[in-house]
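One letter stands for each residue in the lines below.
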Amino acid sequence: MPHPLNPAIAATFAPPVMEARRWLDGVHFPPERPLINVSQAAPLDLPPEGLRQAIAQAALHDPQAHLYGPVLGLPELRAEIAAQWVPHYGGTIAPEQVAITQGCNQAFCAAIATLAGAGDEVILPTPWYFNHKMWLDMSGVKTVPLVPGAGLLPDPDEAAAKITPRTRAIVLVSPNNPGGAEYPADLIRAFAELARRHSIALIVDETYRDFDSREGAPHDLFTNPDWSDYFIQLYSFSKAYRLTGHRVGAIVASEARLAEVEKFLDTVAICPNQLGQMAALWGMRNLGDWLAGERREILARRTAMAQGLEALEGWELLGCGAYFAYATHPDPRPSPEYARALVREAGVLMLPGTMFMPQGSAQATRQMRIAFANIDTPAITELMARLAALQPKP
């Protein structure tokens, strides 16, 4: 007799990036045409040497690096986030309103766990970040899709029409994964006002904030004296300092919310990774100029990607920003089939839109996500050449 399965977990889909990696099995990529992997948004280069040395020194000489720490994170890191966030965003943020997590995915899971349970509803704009959808599925929370308008920007009025007595939160990701859209500050403000009026939460995932093309703060929500009543911000150090393997994220929310988050985190992890937190703290204090250079490089790749796709016959660019381009493709095959064919026929691994949209979406079969931050400008040029070579013949 088979072992029983949790039906909520069994009902959600397999991790998309892992599924895509399996498409590589048995495929040979010759040296003259190596694989171009634009499937996952993760820096491939190592952290800068100074940061790696700081990690090594902590591992060798700081006993706390190898022990349990506070469930909500190192006090010094929480205080540093608050101290740097206030001049950037304005308003008032206390260290006690910051918690550290094992990456931003855990931050999202913890936030949702304090807000919603089986039978509740959360509004997600489409295309959505698939791990958000997966966690809602596994928690028994109903995902309510919010179809965007031009530029992949969601409409607060459309969201208002979808709010029910079971709605617990609206989730925004800006700059967006997978769409690349940068949400205007007034749009984020409109969603915050909507959340406040309906006594629900607005969660804004700012994992890619450090690579926003705009100068200054992306929103002013922290300037509201009552921001903590309805606003929850998520952040990640994975992209900023190339700390993907160290798993360091953050939640900024009310102290009362974080008291509930502490219960969740203590149960699933006990405490965040100590070395990762030490690395994030060192990065915040020492890598400001380096991070500005990283941003300039990502923005240069964004320009190359947008220009390349706009010149590619039959493709339509829907959104481009931070680490991502999201576009429609001209191939007659549906996007899942086309994505698999790209591996064999072009040596390219990218994800189909069906991984980011509700099941059965006709639009998704024409859409692709390209995580261009993983490749430099010459590789972007090569990617465009390979895609052009597969264009349908008239």
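Worth saying up front: this structure is predicted, and the values here are computed from it rather than measured.

## Points about the sheet that holds strand β2 (residues 98–101)
- One open sheet holds the seven strands; their spatial order is β2-β8-β7-β6-β5-β3-β4, and the pairing between them is mixed. In this open sheet, the two edge strands, each paired with only one partner strand, are β2 and β4 (142–146). Averaged over all pairs of adjacent strands, the angle between strand axes in this sheet comes to 20°, irrespective of strand direction.
- Where strand β6 (residues 201–205) and strand β7 (residues 231–236) come together, four bridges link them in parallel fashion. Bridge pairing in β7 links D205 to L234.
- Each of β2, β3 (121–125), β5 (167–173), β6, β7 and β8 (249–252) is contacted by helix α5 (residues 103–115), which is oriented at about 160° to β7, the strand it contacts most.
- Here helix α9 (residues 255–268) sits on the sheet and contacts β2, β7 and β8; the angle it forms with β2, its principal contact strand, is near 20°.

## Digging into the pattern of salt bridges
- Under the definition given, this model contains 20 salt bridges.
- The partner of R302 in a salt bridge is E182, with the nearest N and O atoms 3.0 Å apart. Here R302, found in helix α11 (residues 288–311), pairs with E182, found in the loop between β5 and α8 (185–197); they are 120 residues apart in sequence, far enough to count as distant.
- Between E297 and R301 there is a salt bridge whose closest N-O contact spans 2.8 Å. With E297 and R301 both in helix α11 and four residues apart, this pair spans about one turn of that helix.
- Residue class for R301 comes out buried when judged on its relative accessible area of 13%.
- Residues joined by salt bridges that share partners form a network here, namely R189, E193, R196, D220 and D226.

## Looking at the sheet that holds strand β12 (residues 351–352)
- If you walk across this open sheet you meet the four strands as β9-β10-β13-β12, and the pairing is antiparallel. The sheet is open, and its two edges are formed by β9 (316–321) and β12, each paired on a single side.
- Pairing analysis gives two bridges linking β12 to strand β13 (residues 367–371), with the strands arranged antiparallel. Each residue of the ladder has a partner; that of L351, found in β13, is R369.
- Sheet contacts for helix α12 (residues 335–346): β12 and β13; angle to β13, the most-contacted strand, approximately 45°.

## With respect to the UniProt feature "domain: Aminotransferase class I/classII large" (unreviewed entry) in the chain
- The feature "domain: Aminotransferase class I/classII large" (unreviewed entry), as given by UniProt, occupies residues 35–387 in the numbering adopted here.
- Between the first and last C-alpha atoms of residues 35–387 the distance is 13 Å; the span itself is 41% helix and 16% strand.

## Some thoughts on the packing of aromatic side chains
- One pass over the structure, following the stated rule, counts 17 aromatic pairs.
- With centroids separated by 6.3 Å and ring planes inclined at 45°, the aromatic side chains of W85 and Y89 adopt a geometry described as tilted. Within this pair, W85 and its partner Y89 are both found in helix α4 (residues 75–89), separated by four residues, close to a single helical turn. Note on accessibility: W85 and Y89 belong to one class, buried.
- Put simply, the rings of W85, Y89, F222, W227, F231, Y235, F237 and Y241 pair up and form one aromatic cluster.
- In this structure, R209 packs its charged tip against the face of W85, placed 4.2 Å from the ring centre.

## A few points about the packing of α5 against helix α6 (residues 130–138)
- The interhelical angle for the contact between α5 and α6, taken along N-to-C directions, is 35°, at an axis separation of 10 Å. You can see that α5 and α6 cross each other, and the crossing is right-handed. Counted together, N105, F108, C109 and I112 of α5 and N131, H132, W135 and L136 of α6 form the full contact between these two elements.
- Of the residues in the contact of α5 with α6, the class split is five nonpolar, three polar and no charged.

Cut-off values and rules
- Residues numbered from 1 in each chain as written.
- Predicted model: local features only at pLDDT ≥ 70, side-chain atom pairs only at ≥ 80, totals over all residues.
- Heavy atoms only, no water.
- Pairing = 2+ DSSP bridges.
- Helix = DSSP H or I, 4+ residues; strand = E, 2+ residues; numbered from the N terminus.
- Axes fitted to C-alpha atoms, helices over the stretch in contact; angles between N-to-C directions.
- Contact = heavy atoms within 4.5 Å.
- Salt bridge = Lys/Arg side-chain N within 4 Å of Asp/Glu carboxyl O.
- Buried < 20%, exposed > 50% of the residue type's maximum accessible area, 1.4 Å probe, protein only.
- UniProt positions renumbered as here; feature names shortened; annotations may be inferred.
- Phe/Tyr/Trp six-rings, centres within 6.5 Å; stacked < 30°, edge-to-face > 60°.
- Lys NZ or Arg CZ within 6 Å of the ring centre and 35° of its normal.
- Left-handed = near helix turned anticlockwise from the far one by under 90°.
- Nonpolar A, V, L, I, M, F, W, Y, C, P; charged D, E, K, R; others polar.

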